[in-house]
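Chain by chain, the residues:
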Amino acid sequence: MDRITKTGLSTLLFLLVACSPKTAVSDGEILPLPETCSYGEAEPFVLDSHAAVVPEDATLREVAELFSRQLERQTGISLQVKDQAGKKAIILSIGPGEAEQYSLSVTPERISVRGSSPEAVYRGLTSLRQKAGVPAERKVCVPSMEIQDAPAYSWRGLSLDVSRHFFTKEEVCKVIDMMTLYKLNVLHIHLTDNQGWRIEVPGYPALTDGKDRYSEQDFSEITAYAAGRFVTVVPEIDIPGHTQAVFEAYPEFPNAASSPLPFELPGQAIACLDPDDAPTMDFVSKVIDLLCRIAPGEYVHIGGDETFGMEEGKYARFVSAAKEMVRFHGKKVVGWQEMARAGVDAHDYVQHWIRFSSKQQQSQDNPAAAAIPAEIRALLGATYTKAPADLQKAEEAGAELILSPNAWAYLDCPFEETSTDPSQNEIRQRLGLQSYAPQSLTDLYDWNPASLYKDYDVAGVEAAVWCETVTSDEDLELLLLPRLPGVAEKAWSTTGSVAAEDYLRRLGSQAAIWERMGWNYYKADTVF
Ligand code: TNX
């Protein structure tokens, strides 16, 4: 790190001299941090509309055009995509390498971005776009540099809760834009929960009639937008628990859970779908058929978390049946970590989430947590105490693990920092689950996925943004920015431990892009 920072400084001084007084040196920073990045002594590449983007391979044409549109929106610099390189060009080419591995090299007259696939080249172009930053005029000096880069994990995701708060397809597409700026490639959409069912299901109109939801067409537009940006959509229907919305629409389905009390905890319910009821399982199979048909990706997420009050045998029967239905369509099953209680194998993806930070554990004594009746707390506690055994089962079976530890990957905790924007300090009082301890940007950055579960097959890292406290699209933006890039760095970077100060400095430089894109962000006073 030191090496990069020091070379970076001397390069900056050099560029201040080398660049004409009219052209600003780019002050953009790359986040996630690339594997290696070194600056050279040569003159910079002056990026302006005289540069062309030249895809050397026909498969790179779309990526060239996408980059050119994204760069123009961010910098105002408009680049043409051409077949032949003139005096100044950004050359895109395909070369050997691992998936998503790329190299980026900047010389005075050429920028070369080479990768093993269009996706890999797109990752390289994204680094270039970040480096360009937001120049004051339609021109920017990109320093002479060499980057070699590849991701640590192939699964780099964000789970978005559209049940507790519904987001329009345009809002979801904006989230995809944020994700791609940080090289994330999986959008997991939590389509159903107690508070709302957000996807139309043929034959079951009461689930969604008159409510905010996606039609099949809306959903296809989202998956197409995502696919065009190398993002796979993983649809989730959360079953058999978290299904109050189903019981409200179809009260004739029997409830497989039993509760010691009439349960009044806001937003939670003790109601689970029953695997031994034929109409229920007919419904489940129609829903899974639908998801397998409308989601072009390889995966379907069946939830499986927090089935409070459901007997274990019933739970295992339910999960096995649902998995069977997903596999029938040739798709892979993803489930929250409790799914392992029903048995898992090497084809399954187990999403780990039950790992609380020390601050959060202390917050169990806070008033919001203490308000839960003792019997219910015991019921909830029972599901969490089995969490370590879930992981052990996943490891033994060789299942793929997706890391979403609550301590670091949950973006819905309150902000510890105050904001430099006074109006955000009012929002700070209500945004984020009050049962969680507030977390700072450095708290959330303080982990290393590679050393967390060493003996496991780790597919990747996924952030989660739950929306119980979200009242608008703006609230969502504040939870994502500035927190999302930190998780993205954990998912992508192989550089090992990076000093928090370095991360915060690079994060600070992102604000110019967010402002240019019209994205709201929380102005944590330690950074912005
Ligand atoms: C736990 S993560 C949940 C969600 C909540 C979230 C709040 C998971 C599988 N279940 O239902 O929204 O905590 O952070």
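Up top is the structure these notes are about.
The shown structure was predicted, so the numbers you read here are calculated from the model rather than taken from an experiment. (Residues numbered from 1 in each chain as written. Predicted model: local features only at pLDDT ≥ 70, side-chain atom pairs only at ≥ 80, totals over all residues. Heavy atoms only, no water.)

1. As for the sheet that holds strand E1 (residues 36–39)
Strand pairing in a sheet relies on backbone hydrogen bonds, with the paired strands running either antiparallel or parallel.
Step number 1: Spatially, the seven strands line up as an open sheet ordered E1-E9-E6-E7-E5-E3-E4, and their pairing is mixed. With partners counted over all chains shown, the strands left at the sheet margins are E1 and strand E4 (80–81), one partner each.
Step number 2: In the sheet, strand E3 (residues 52–55) pairs with E4 via two bridges, with the strands oriented parallel. Residue pairing in the sheet places Ala52 in a bridge with Gln80 of E4. (Pairing = 2+ DSSP bridges. Helix = DSSP H or I, 4+ residues; strand = E, 2+ residues; numbered from the N terminus.)

2. Details of empty space enclosed by the protein
Step number 1: In total, this model carries one cavity of 30 Å³ or more according to the counting rule given.
Step number 2: Taken together, Trp408, Leu441, Leu444, Tyr445, Arg483, Gly486, Val487 and Tyr503 form the lining of the largest cavity.
Step number 3: Elements supplying a minimum of two residues to the lining of the largest cavity: helix H15 (441–445) and helix H18 (484–492).
Step number 4: By residue number, the principal contributor to the lining of the largest cavity is H15, which donates three residues.
Step number 5: Across the lining of the largest cavity, the residue classes tally to six nonpolar, one polar and one charged. (1 Å grid on protein atoms, 1.4 Å probe; cavity = no way out; pocket = protein on both sides within 12 Å on 5 of 7 lines; lining within 4 Å. Points joined across faces, edges and corners; volume = space filled by probe spheres on them. Nonpolar A, V, L, I, M, F, W, Y, C, P; charged D, E, K, R; others polar.)

3. Here's the deal with the sheet that holds strand E15 (residues 299–303)
Step number 1: Reading around the barrel, the eight strands line up as E10-E11-E14-E15-E16-E17-E18-E19 and close back on themselves, with parallel pairing between neighbours. When the angles between neighbouring strand axes are averaged without regard to direction, this sheet yields 25 degrees.
Step number 2: Note: strand E10 (residues 155–161) against strand E19 (residues 457–465), six bridges, orientation parallel. Bridging across to E19, Arg156 finds its partner in Val461.
Step number 3: Relative to strand E14 (residues 232–239), helix H5 (residues 216–227) is tilted by about 140 degrees, and along the sheet it contacts strand E11 (186–190) and E14. (Axes fitted to C-alpha atoms, helices over the stretch in contact; angles between N-to-C directions. Contact = heavy atoms within 4.5 Å.)

4. Brief notes about the site of the ligand
Step number 1: Taken together, Arg164, His242, Asp305, Glu306, Trp336, Trp353, Tyr410, Asp412, Leu433, Tyr436, Trp466 and Glu468 form the complete shell of residues around the ligand.
Step number 2: One nitrogen or oxygen atom from the side chain of Asp412 is found 2.7 Å from an oxygen atom belonging to the ligand.
Step number 3: Taking 360 Å² as the accessible area of the ligand by itself, protein coverage stands at 96%.
Step number 4: Here the residues of the shell around the ligand are counted per class, giving six nonpolar, one polar and five charged. (Near = heavy atom within 4 Å. Polar contact = N/O pair within 3.5 Å; in protein donor to acceptor, adjacent residues only side chain to side chain. Areas by Shrake-Rupley, 256 points an atom, 1.4 Å probe, with all protein chains shown as cover.)

5. Concerning the packing of aromatic side chains
Step number 1: Within this structure, the stated rule accounts for 23 aromatic pairs.
Step number 2: Between the aromatic rings of Tyr445 and Tyr503, the centroid separation amounts to 3.9 Å while the plane-to-plane angle is 5 degrees, which identifies the pairing as stacked. Here Tyr503 lies in helix H19 (residues 500–508) and Tyr445 lies in helix H15, a separation of 58 residues in the sequence. The same class applies to Tyr445 and to Tyr503, which are both buried.
Step number 3: Seen in terms of ring centroids, Tyr453 and Tyr456 are 5.4 Å apart; in terms of plane orientation they differ by 70 degrees. Their pairing is edge-to-face. Like Tyr456, Tyr453 is buried.
Step number 4: By way of ring pairs, the aromatic residues Phe308, Trp336, Trp353, Phe356, Tyr384, Tyr410 and Trp466 are connected into one cluster.
Step number 5: Stacked on the ring of Phe45, the Lys or Arg Lys88 has its end atom at 5.9 Å from the ring centre.
Step number 6: Its guanidinium or amino end placed over the ring of Tyr445, Lys490 lies 3.8 Å from that ring's centre, counting from NZ or CZ. (Phe/Tyr/Trp six-rings, centres within 6.5 Å; stacked < 30°, edge-to-face > 60°. Buried < 20%, exposed > 50% of the residue type's maximum accessible area, 1.4 Å probe, protein only. Lys NZ or Arg CZ within 6 Å of the ring centre and 35° of its normal.)

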